Amino acid sequence: MGTLRLEVVTPDSTVVSAEADMVVCPGVEGEFGVLPQHVSLLSALKIGAMRYRAGGKDEYLFISGGFADVNNNVMTVLAESAERAADIDTARAQAARERAEKRLATRDEAVNALRAEAALARAVNRLHIASLR
Ligand code: ATP
């Protein structure tokens, strides 16, 4: 069946550029898998874990939502931020988690709850994905 070209790109950098045997992404409507020669697809992604297999090895990444496009055996994931499990700074994610939890606990009207919830979800997911490395 061959492989599928995977590119994971953020505004700062290309985080992954690889030939993958399989990719699994956190779609807004649930997790979905993509194999080589997949039909064209465009999907919105949510905050969560992405995984791909290359050379018999599974690699895990954090992505902060974005879009996945599959076309002509090339999958491009565009995300606001993305980090490989090994590159996640767990102390930073822990601090972000505590900050978000405090904001959500205050019930202060100046706190944007949706924003704090999204920050909390990023931090919790980063900590989970870092534990998979
Ligand atoms: P923080 O409050 O710690 O900045 P955040 O969730 O608001 O966290 P993002 O806006 O998602 O951060 O990301 C900003 C930049 O910092 C991106 O380049 C992202 O890859 C990087 N980044 C954020 N948190 C971490 C982390 N824990 N480890 C490694 N890189 C991180």
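Keep in mind that what you see is a predicted model, and the values were worked out from it rather than measured.

Let us look at the side chain of Thr 10. By the secondary structure assignment, Thr 10 is in the loop between strand S1 (4-9) and strand S2 (14-20). Residue Thr 10 is classed as buried on the basis of its relative accessible area of 10%. Ignoring anything within four residues of it in the chain, the contact list for Thr 10 reads Val 15, Ala 79, Glu 80, Ser 81 and Ala 82.

Annotation of the chain at the domain level lists domain 1 (4-85) and domain 2 (88-130). Look at where the C-alpha atoms of domain 1 and domain 2 centre, and you get two points 24 Å apart. A per-residue breakdown of the area domain 1 buries against domain 2 is headed by Ile 47, Phe 62 and Ala 85, which together make up 62% of the total. Put simply, domain 1 and domain 2 have 1 salt bridge between them. For the salt bridge of Glu 83 with Arg 126, the shortest nitrogen-to-oxygen distance reads 2.7 Å.

Within the structure, the ligand sits among Asp 12, Ser 81, Glu 83, Asp 87, Ile 88, Asp 89, Arg 92, Ala 93, Arg 99, Arg 122 and Arg 126. Measuring from an oxygen atom of the ligand, one finds a side-chain N or O atom of Asp 12 at 3.4 Å. Considered on its own, the ligand offers 590 Å² of accessible surface; in the complex 68% of this is hidden by protein. Listed by contribution, the elements that provide at least two residues to the shell around the ligand are helix H1 (90-106) and helix H2 (113-130). Top contributing element to the shell around the ligand by residue count: H1, with 3 residues. Counted by class, the shell around the ligand contains 2 nonpolar, 1 polar and 8 charged residues.

The rules behind each value
Residues numbered from 1 in each chain as written. Predicted model: local features only at pLDDT ≥ 70, side-chain atom pairs only at ≥ 80, totals over all residues. Heavy atoms only, no water. Helix = DSSP H or I, 4+ residues; strand = E, 2+ residues; numbered from the N terminus. Buried < 20%, exposed > 50% of the residue type's maximum accessible area, 1.4 Å probe, protein only. Contact = heavy atoms within 4.5 Å. Domains from an automatic or database assignment. Buried area = accessible area lost by both parts, 1.4 Å probe. Salt bridge = Lys/Arg side-chain N within 4 Å of Asp/Glu carboxyl O. Near = heavy atom within 4 Å. Polar contact = N/O pair within 3.5 Å; in protein donor to acceptor, adjacent residues only side chain to side chain. Areas by Shrake-Rupley, 256 points an atom, 1.4 Å probe, with all protein chains shown as cover. Nonpolar A, V, L, I, M, F, W, Y, C, P; charged D, E, K, R; others polar.

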